[in-house]
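Listed below are the residues making up each chain.
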Number of protein chains: 2
Amino acid sequence: MTTEVMSEDVAGGPAKPMRADARRNYERLVDAARRVFAEHGGDASMEAIAKEAGVGVGTLYRHFPKRIDVVEAVYRNDVDTLIDAADRGMLDPGPWDALASWLRAYVDYAQAKKVFLNELHEAFDKNPELKLDSRERIWASCDRLLVRAQEAGEARCDINGEDLMQLVSPMCVHATLDPAQSERLLAMVLDGLRPPPEAAPRLDPRQH
Amino acid sequence: MTTEVMSEDVAGGPAKPMRADARRNYERLVDAARRVFAEHGGDASMEAIAKEAGVGVGTLYRHFPKRIDVVEAVYRNDVDTLIDAADRGMLDPGPWDALASWLRAYVDYAQAKKVFLNELHEAFDKNPELKLDSRERIWASCDRLLVRAQEAGEARCDINGEDLMQLVSPMCVHATLDPAQSERLLAMVLDGLRPPPEAAPRLDPRQH
DNA sequence: TTGAAAAACGGAGGGACCCTCCGTATACTA
DNA sequence: TAGTATACGGAGGGTCCCTCCGTTTTTCAA
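Residues numbered from 1 in each chain as written. Chains lettered and ligands numbered in written order. Predicted model: local features only at pLDDT ≥ 70, side-chain atom pairs only at ≥ 80, totals over all residues. Heavy atoms only, no water.

Draft legend 1. The protein's contact with DNA strand C, seen in detail. Residues in contact with DNA strand C amount to 22 residues; listed here are only the nearest, Arg19, Asn25, Gly58, Thr59 and Arg62 of chain B. Listing elements by their share of the surface near DNA strand C, those giving two or more residues are helix H1 (20-40) and helix H2 (46-52) of chain A together with helix H1 (20-40) and helix H3 (57-63) of chain B. (Near = heavy atom within 4 Å. Helix = DSSP H or I, 4+ residues; strand = E, 2+ residues; numbered from the N terminus.)

Draft legend 2. Representation of the pattern of salt bridges within the structure. All names here are of chain A. Enumeration over the complete set of coordinates arrives at 24 salt bridges over all chains. Here glutamate 27 and arginine 23 are joined by a salt bridge, their closest N and O atoms 3.3 Å apart. Of this pair, glutamate 27 and arginine 23 both sit in helix H1, separated by four residues, roughly a single helical turn. Using a relative accessible area of 29% as the deciding quantity, one classes arginine 23 as partly exposed. In this structure, arginine 76 engages glutamate 129 in a salt bridge whose closest nitrogen and oxygen atoms are separated by 3.6 Å. (Salt bridge = Lys/Arg side-chain N within 4 Å of Asp/Glu carboxyl O. Buried < 20%, exposed > 50% of the residue type's maximum accessible area, 1.4 Å probe, protein only.)

Draft legend 3. Structural detail: the protein's contact with DNA strand D. Taken together, 22 residues sit near DNA strand D, with Arg19, Asn25, Gly58, Thr59 and Arg62 of chain A positioned nearest. Counting only the atoms of DNA strand D that lie within 4 Å of the protein, the sugar and phosphate share comes to 60%. A distance of 3.1 Å is found between a base oxygen of DNA strand D and a side-chain nitrogen or oxygen belonging to arginine 19 of chain B. Within the contact set of DNA strand D, a phosphate oxygen lies 3.4 Å away from a backbone nitrogen or oxygen of alanine 20 of chain B. Residue assignment for the surface near DNA strand D shows that the elements contributing at least two residues are H1 and helix H3 (57-63) of chain A together with H1 and helix H2 (46-53) of chain B. (Polar contact = N/O pair within 3.5 Å; in protein donor to acceptor, adjacent residues only side chain to side chain.)

Draft legend 4. How the structure looks around helix H8 (residues 161-173) of chain A. Residue and element names in this part refer to chain A. Compared with the 18 Å implied by 1.5 Å per residue over 13 residues, the 18 Å span of H8 between its first and last C-alpha is a close match. Taken as a whole, H8 has its buried residues at Gly161, Leu164, Met165, Val168, Ser169, Met171 and Cys172. The buried side chains of H8 occupy one side of the element, clustering within an arc of 155° when seen end-on. Taken together, the buried residues of H8 touch helix H5 (95-114), helix H7 (128-151) and helix H9 (179-193). The N-terminus of H8 is capped by asparagine 160, whose side-chain oxygen sits 3.2 Å from the backbone nitrogen of glutamate 162. (Expected span 1.5 Å × (residues − 1). Arc of directions from axis to C-beta. Contact = heavy atoms within 4.5 Å.)

Draft legend 5. Molecular detail of the packing of aromatic side chains. All names here are of chain A. All chains considered together, the criterion is met by ten aromatic pairs over all chains. Pairing tyrosine 26 with phenylalanine 64 gives two aromatic rings, centres 5.3 Å apart and planes at 35°, and the pair type is tilted. With tyrosine 26 in helix H1 and phenylalanine 64 in the loop between H3 and helix H4 (67-91), this residue pair connects regions lying 38 residues apart in the sequence. Classification of tyrosine 26 by relative accessible area gives partly exposed; the value is 22%. With relative accessibility at 3%, the residue phenylalanine 64 sits in the buried group. (Phe/Tyr/Trp six-rings, centres within 6.5 Å; stacked < 30°, edge-to-face > 60°.)

Draft legend 6. Spotlight on the packing of H5 of chain A against H7 of chain A. All names here are of chain A. Taken N-terminus to C-terminus, the directions of H5 and H7 make an angle of 155°; their axes are 8 Å apart at the nearest point. Here H7 runs roughly antiparallel to H5, going by the angle between their axes. Between H5 and H7 the crossing geometry is left-handed. Facing Pro95, Trp96, Ala98, Leu99, Trp102, Tyr106 and Tyr109 of H5, the residues of H7 in contact are Ile138, Ser141, Cys142, Leu145, Leu146, Arg148 and Ala149. Here the residues of the contact of H5 with H7 sort into twelve nonpolar, one polar and one charged. (Axes fitted to C-alpha atoms, helices over the stretch in contact; angles between N-to-C directions. Parallel < 35°, antiparallel > 145°, perpendicular 65-115°, else oblique. Left-handed = near helix turned anticlockwise from the far one by under 90°. Nonpolar A, V, L, I, M, F, W, Y, C, P; charged D, E, K, R; others polar.)

Draft legend 7. Representation of the packing of H4 of chain A against helix H6 (residues 117-126) of chain A in the model. All names here are of chain A. At their nearest, the axes of H4 and H6 sit 9 Å apart, and the two run at 95° to each other. Between H4 and H6, the interaxial angle falls into the category roughly perpendicular. Where H4 abuts H6, its residues Arg67, Ile68, Asp69, Val71 and Tyr75 lie against Glu119, Leu120, Glu122, Ala123, Phe124 and Lys126. Split into classes, the residues belonging to the contact of H4 with H6 amount to six nonpolar, no polar and five charged.

Draft legend 8. Region of interest: the environment of arginine 144 of chain B. Residue and element names in this part refer to chain B. Within the secondary structure, arginine 144 sits in helix H7 (residues 128-151). A relative accessible area of 34% means that arginine 144 is categorised as partly exposed. It is 8.4 Å that separates the C-alpha atoms of arginine 144 and alanine 86, two residues lying 58 residues apart in sequence. Every residue in contact with arginine 144, bar those within four places of it in the chain, is listed here: Asp87 and Met90.

Draft legend 9. Region of the structure containing the environment of alanine 33 of chain B. All names here are of chain B. On the secondary structure map, alanine 33 appears in helix H1. Distance in space between the C-alpha atoms of alanine 33 and serine 45 is 9.6 Å, their sequence separation being twelve residues. Those residues within four positions of alanine 33 in sequence are excluded, and the remaining contacts are Ile49, Val70 and Val74.

Any functional reading would require information that these geometric values do not contain.
Below you can see the structure in the form of structure tokens.
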């Protein structure tokens, strides 16, 4: 896991570990919120989230004083999951498959994000570092997987992780995009990412 | 005026004229909504808008069945005002001054829009033609004013209206931009838009 | 001018939602 | 195991969107 759930995690204080029941409920709430947002949209009610988690609203508000804090927690958790997936992918024996399946995970992540994009923008406005840090971490993960595939000769070398994300993210953001279409587009991108058949000399984008 | 306030304006039916009191209240409500959004943000309450207009909420809801309809009406009215200003500018004796002051009006319009951007995005999602039509009308207005200034030799000729809007609109969208800064930037753009001192041969962007 | 029909007005109130408060229950610690 | 710090639950206050319907105003034909 990338982050440990602690009290006063953000303030950076002594961070006494949470009581067992509190920690259990925290995790239940984040998972419940993700499900409820996915089903009812970004304007789902706090009551619905608490109910889905099998918990009272008081408990929900103890962990997340404002509605926006729930959105932020779901987002942070999604990003962490994505980074963890990349870290696990680095241990995968097949560098190409690791990259391909991580990109699929990324597309899923981005599509899930769309449902509460408005709320997320609010969170970004309140806390710009959240957006910048997350993007940087995701791009770095992509780059690690890509470099490994390139070094194994399984991906073309004239593309870097930032390029790849710049290509794939806007695709996911677009409003009218169903999962089947995104799967087709991603397949095309992956084919294009393979080393070209003839071994013409190419520039390394990382040199300059 | 670009649009006449009628009942069933959108449906395109026979459009019986509104009763005098209804029309008066409709206009009061749109003006009040603009003021209230500007002061309290895009999440201002319907009650506040009705109160500002000196009208009951029932009247507000008769004219605008849903909250989003108020947002749309304010936006349409703003766009109409902008187009009207361009039309009046076409009669202005000074083509350059007409263009410059219309661009200032555009920047004001865009800045005012920022305060309820979230709500506007909802309206665009519900009704994509609203966004496309408005943009096209605004761009066309810009182009008319620019062409006239170019034909009078008061603006450089290697830029068209679409180029100009593509330069100025993103500037307005950016979140951290105060009016003073936008005035400075616009002044710079206007200076750059003047015909260059030396009469070097230039391409006409409208040729291809 | 007048009187009746059509149209619009106003605001109480229903339902949903965010968030608070505090009595009760549970998990840690000595 | 007893005591305490911590967490839980949900009733309810305040706000907001929107509906409903009795009242008022405007319009227009006679």
